Amino acid sequence: MELEEKPTYGEPRKYDSSFKGPIQNRSCTDIVCCILFVIAILGYFAVGVLAWSQGDPRKVIYPTDSRGQFCGQAGTPLEKKRFLFYFNIMKCASPMVLLEFQCPTTQMCVEKCPDKFMTLAKAYYNGKDFDYYKTFCKEGATNSMGIPEILKQGLCPAMLTPSKPFTQRCFPALGLKGGLITVGNNSHFDDGSGKMRDAKDLVDGVKNATVVMEARQVVMKIFEDYTKSWYWILIGLVIAMLTSLLFIILLRFLAGIMVWVMIVMVILVIGYGIFHCYMEYAALKGEAGANVTLQEIGFQTDFTVYLQIRQTWLAFMIILAIVEVIIILLLIFLRKRILIAIALIKEASRTIGHVMCSLFYPLFTFLLLAIVIAYWAVTAIFLSTSNEPIYKVFNETMCDHSRKTCEPANYSASPEKAQCPDSECLFAFYGGETAYHKYLIGLQFYNVFLFFWCANFVTALGQMTLAGAFASHYWAFNKPDDVPAFPVFSSLGRSLRYHTGTLAFGSLILSIVQIIRVLLEYLDHKLKGAHNKCTKFLLCCLKCCFWCLEKFVKFINRNAYIMTAIYGKNFCTSARDAFFLLMRNMIRVAVLDKVTDFLLFLGKLLIVGLVGIFAFFFFSGRVEAFENTAPHLHYYWVPILTVVVGSYLIAHGFFSVYAMCVDTLFLCFLEDLERNDGSAERPYLMPENLRKILNKKNKTEPAE
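Residues numbered from 1 in each chain as written. Predicted model: local features only at pLDDT ≥ 70, side-chain atom pairs only at ≥ 80, totals over all residues. Heavy atoms only, no water.

The number of helices and strands found in the protein chain is 23 helices and 12 strands. Counting every position in the protein chain, which comprises 704 residues, the buried fraction comes to 45%. Long-range contacts, defined as pairs at least 24 residues apart, comprise 71% of the intrachain contacts of the protein chain with a sequence gap of at least 6. With the model as given, the accessible surface of the protein chain reaches about 38100 Å², and the carbon-plus-sulfur share is 65%. (Helix = DSSP H or I, 4+ residues; strand = E, 2+ residues; numbered from the N terminus. Buried < 20%, exposed > 50% of the residue type's maximum accessible area, 1.4 Å probe, protein only. Contact = heavy atoms within 4.5 Å. Areas by Shrake-Rupley, 256 points an atom, 1.4 Å probe, with all protein chains shown as cover.)

Right, let's talk about the environment of K392 for a bit. Checked against the element boundaries, K392 lands in strand β11 (residues 388–394). Assessed through its relative accessible area of 16%, K392 is described here as buried. Considering only alpha carbons, one finds K392 and S423, 31 residues apart in sequence, at a separation of 10.0 Å.

Bringing a nonpolar patch on the surface into the picture now. A cluster of nonpolar side chains, namely L246, I249, L250, F253, L254, I257 and V261, defines an oily patch on the protein surface of about 630 Å² accessible area. Mapped onto the fold, I249 is located in helix α8 (residues 210–283). I249 sits in the partly exposed class, given a relative accessible area of 38%. (Patch = residues over 30% accessible without salt bridge, like charges linked within 9 Å, V, L, I, M, F, W, Y side chains within 5 Å. Salt bridge = Lys/Arg side-chain N within 4 Å of Asp/Glu carboxyl O.)

With that settled, consider empty space enclosed by the protein. In the structure shown here, the tally under the stated rule is one cavity of 30 Å³ or more. By volume, the largest cavity is sized at about 30 Å³. F247, L251, V259, M262, I345, L599, L600, G603 and F655 together form the lining of the largest cavity. If you list the elements that add at least two residues to the lining of the largest cavity, you get α8 and α20 (586–619). In terms of residue count, α8 provides more of the lining of the largest cavity than any other element does, four residues in total. Among the residues making up the lining of the largest cavity, the classes are represented as eight nonpolar, one polar and no charged. (1 Å grid on protein atoms, 1.4 Å probe; cavity = no way out; pocket = protein on both sides within 12 Å on 5 of 7 lines; lining within 4 Å. Points joined across faces, edges and corners; volume = space filled by probe spheres on them. Nonpolar A, V, L, I, M, F, W, Y, C, P; charged D, E, K, R; others polar.)

The next subject is the side chain of D577. Position of D577 among the secondary structure elements: in helix α19 (residues 571–584). With relative accessibility at 14%, the residue D577 sits in the buried group. Among the polar contacts listed, one links the side chain of D577 to the side chain of R576, at a separation of 3.3 Å. (Polar contact = N/O pair within 3.5 Å; in protein donor to acceptor, adjacent residues only side chain to side chain.)

Residue alternation in strand β6 (residues 169–172) divides its side chains into a buried set, C170 and P172, and an unburied set, R169 and F171. Bridge count for strand β5 (residues 163–166) against β6 is four bridges, and the pairing is antiparallel. Counted as the bridge partner of S163 is P172 from β6. Adjacent in sequence and paired antiparallel, β5 and β6 are bridged by two residues, among which T167 carries a positive phi angle near 50 degrees. (Pairing = 2+ DSSP bridges.)

One can find T142 in the loop between α5 (127–134) and α6 (147–153). For T142, a relative accessible area of 30% corresponds to the partly exposed category. For the pair T142 and F130, spaced 12 residues apart in sequence, the C-alpha separation works out to 8.9 Å. Apart from the residues within four sequence positions on either side, T142 is in contact with F130 and I150.

Taken as a whole, α5 has its buried residues at F130, Y132 and Y133. Mapping the buried residues of α5 onto a view down its axis gives an arc of 160 degrees, with all of them on the same face. The elements touched by buried residues of α5 are β3 (118–119), α4 (120–123), α6 and β4 (159–160). Where α5 begins, the capping side chain belongs to N126, and its oxygen is found 3.1 Å from the backbone nitrogen of K128. (Arc of directions from axis to C-beta.)

On inspection of all chains with the given rule, the structure shows seven salt bridges. A salt bridge links K134 to D131; the nearest nitrogen and oxygen atoms lie 3.9 Å apart. With K134 and D131 both in helix α5 and three residues apart, this pair spans about one turn of that helix. Given the relative accessible area of 31%, K134 is considered partly exposed.

Turning to the packing of helix α12 (residues 361–384) against helix α15 (residues 440–474), a few remarks are in order. One can describe the packing of α12 onto α15 by two numbers: an axis separation of 10 Å at closest approach and a directional angle of 180 degrees. Regarding the angle of α12 to α15, the classification is roughly antiparallel. Partitioned by chemical class, the residues of the contact of α12 with α15 number 17 nonpolar, eight polar and no charged. (Axes fitted to C-alpha atoms, helices over the stretch in contact; angles between N-to-C directions. Parallel < 35°, antiparallel > 145°, perpendicular 65-115°, else oblique.)

Take a look at the structure:
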């Protein structure tokens, strides 16, 4: 007698005549984790209340002068003085700024930034100029004092340079003249000793800041482009939303045709991209400077320069050609599996058609995520601004008291000032010595961790809710008559009432993995430039491993939530059952499920491609009909990129419902094959077209 071999991955599901879909008579699961999650949420609220009582968001909104006062704050003497002026901005290039985030120079609030070049030595002998100059000096500076005395006490800067405000701070206004960097319109200045010097001396000191200034100009141009094109961007996103909705509706009635149209359209869109890149590549042939390589041109802040180089369009053409070949090869080798995937998508379309409110559930998830993100951001701001102002001794010469704390009120008469005459007591940063300030970093960590936990919980709630609604449709014997009324709301109620602990358990595991990834990134950033190649390799391996682990945990969680929504079991049991079910059908999972994901990805790619092409022709002015309508921009790729990214997120939101529906139906489909055999007593519940593709049929069906 031969022994029956026991299945490697658990026992297949047995037929149960009483099983009619998601079990109604269920009990609470993972209660311990539910209690832990509730306690953590209450602690999160306590941290928020504590941060709001201690924090001061004005420290983020307003720049702070050397005394820790806020520039431009309403109801204070500095209300009209909105801008922060640096006595010697060149000291901001000191490496100490990166460590202490504070320039070692006097800073004061002013009504407007200086708009002319002037030295103290020159302004001192002209009453009108000195009155203007004193607006950038501390109180107490008078023309009865000598220039050396004013400079010794640090009442005024040695010179003023034309500046422009940026983020309410005055930065030198650099310009180009004859290919050289200049400051304002001046070529010479008086250094205070009566000797005229070439402005090149000042320019040499400013050159180190040119990269920062170029970056500032790029940011300002991008911001200006957004102000000119924001309403057109919104129109593009609305078009993406309507296109996604139309695509979903068409899938409901023409799933098979739409999938094949989608495949052909994606191939055509990418093919057109290859053709367009070739035409641009050919058009630049013989153009002066077009044959320069990307390596030779280096980094340029004006990105349109790259579009004038042939190598750029050649790179685009090669990338698109590789993507095109990969897609075509996948379609050729997976053509049989695509038929089954199309059948699944048809069933998903039919299911969503009977549960239409599921299409709008992502809006509820988005609202909850917006609340979680807003709470985390506000709490983080209040925590980071809940410190007290700390003042330190700053000086230019050697001093034993350098970088030590001090009191600005009586510093002029302090022993530190007597020992270091050229030192100043300036605002350094916000800190504190109380127990609250000592554990502030721990509170910030708790804020980040709870943010991950709550965000993952909201996502998990959406997955379980949709899974319960779609499973109730699949297991209904007579569709849609046996489908319960309001399946989404019923599933949401079951998930919150019975399985909050399960949702918290799964999201907790995922949050722990994500916080470890954040810590690894933080550690890598802190040790950058200090660790050797072995340490760098080890960190890289750890980051790669935890990235893979996060993907695996998300996969397990998603399928565990589906099994919990159907059978009402705890997280560990559901995860085990889902994993064993998938392993017993490994080939189907590896091919069929991923083919379906690939087809849905092509749908998202099609929507993004169509909207992106429309945005390209509109904002680039390539079409004469749009030439007068489109805004004139510095970088037309800014709104195009924004529309493309936004379109993908919108399409992903709609297709995420489809993806969850397909995953749920896929697990139900696998269980259907194990539970039933097609007999009159155990008929298959899968749709007829899927049965034909799999050569399965119920015995009650007439023979062909």
